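Architecture and fold: a report
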Amino acid sequence: MCNLNSYQPPYAVSLYIWTNKLIDTVKLRLRLLSASIGIVYIMFGGLKFFPTLSPAEHIGLDTVQILTFNLINTDVSIILLALFEICIGILLLSYRCRKLAVTITACHLILTFSPLLFFPEQLIDFNTLGPSLLGQYIFKNIVLLSAVLLLFPTKEEKLSLAK
């Protein structure tokens, strides 16, 4: 005799398998996204340890000086900025403490737009009304910010981890 309570139509089983594969694919994609942004942060942070290698070093230093009211020596501030970016990269690479990593990274990326207020003449070519090379370097952070926000843990992820 067939037990009707345990019967599952074939499409339900295949839908369940497909859904699990899709969830695994999304998790993999998020891990790859987190790792790739982490690598970018480690690379750009590492450049700041070597004077004149980073194309945004001078504007980064000038911005830090304004944001800290010149309280931190420029030699110290570039090292602190490099260490900060490398720590963000390690957090993103490890894929642990995602909420903290995404929050810190988003705050950092938002602050990277502050040179638009402080040094617009360096970022925008007013003859062509287009961004300079340095401006493009900063504007690309819009994409990074959007990507980082995708990494923020959702309620569904928390529920699935609790099971």
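Sequence order as written defines residue numbering, which begins from 1 separately in each chain. Totals for whole chains, interfaces and linings use all residues, but because this is a predicted model, local features are given only for residues with pLDDT of at least 70 and pairs of side-chain atoms are given and counted only at 80 or more. As a rule here, side-chain values cover all heavy atoms of the structure and leave hydrogens and water aside.

Attention shifts here to the environment of P115. Only runs of H or I of at least four residues qualify as helices and only runs of E of at least two qualify as strands under DSSP, and these elements are numbered from the N terminus. Looking at the secondary structure, you find P115 in helix α5 (residues 115-118). On a C-alpha basis, the gap between P115 and G135 in space is 9.1 Å, while along the polypeptide they are 20 residues apart. In this analysis, two residues are considered to be in contact whenever any of their non-hydrogen atoms come within 4.5 Å of each other. In contact with P115, other than residues within four places in its own chain, are I59, T63, P120, L123 and I138.

Moving on, we get to helix α3 (residues 74-94). For α3, spanning 21 residues, the distance from its first C-alpha to its last is 30 Å, which sits close to the expected 30 Å at 1.5 Å a residue. Here α3 has its buried residues at S77, I78, L81, A82, E85, I86, I88, G89 and L92. The arc that holds the buried residues of α3, viewed along the axis, is 165°, so those residues lie on one side. Taking the backbone nitrogen of D75 as reference, a side-chain oxygen 3.2 Å away marks N73 as the first, capping residue of α3. Of the residues one or two after α3, Y95 is the one with positive phi, at around 60°. One less than the number of residues in a helix, times 1.5 Å, gives the span that helix is expected to have. The rule is simple: take the accessible area with a 1.4 Å probe, protein chains only, and divide by the maximum for that residue type; under 20% is buried, over 50% is exposed, in between is partly exposed. This arc is taken over the directions from the axis of the helix to the C-beta atoms. We call two N or O atoms a polar contact when they sit within 3.5 Å, provided that within protein one can donate a hydrogen and the other can accept it, with sequence-adjacent residues counted only if both atoms are side-chain atoms.

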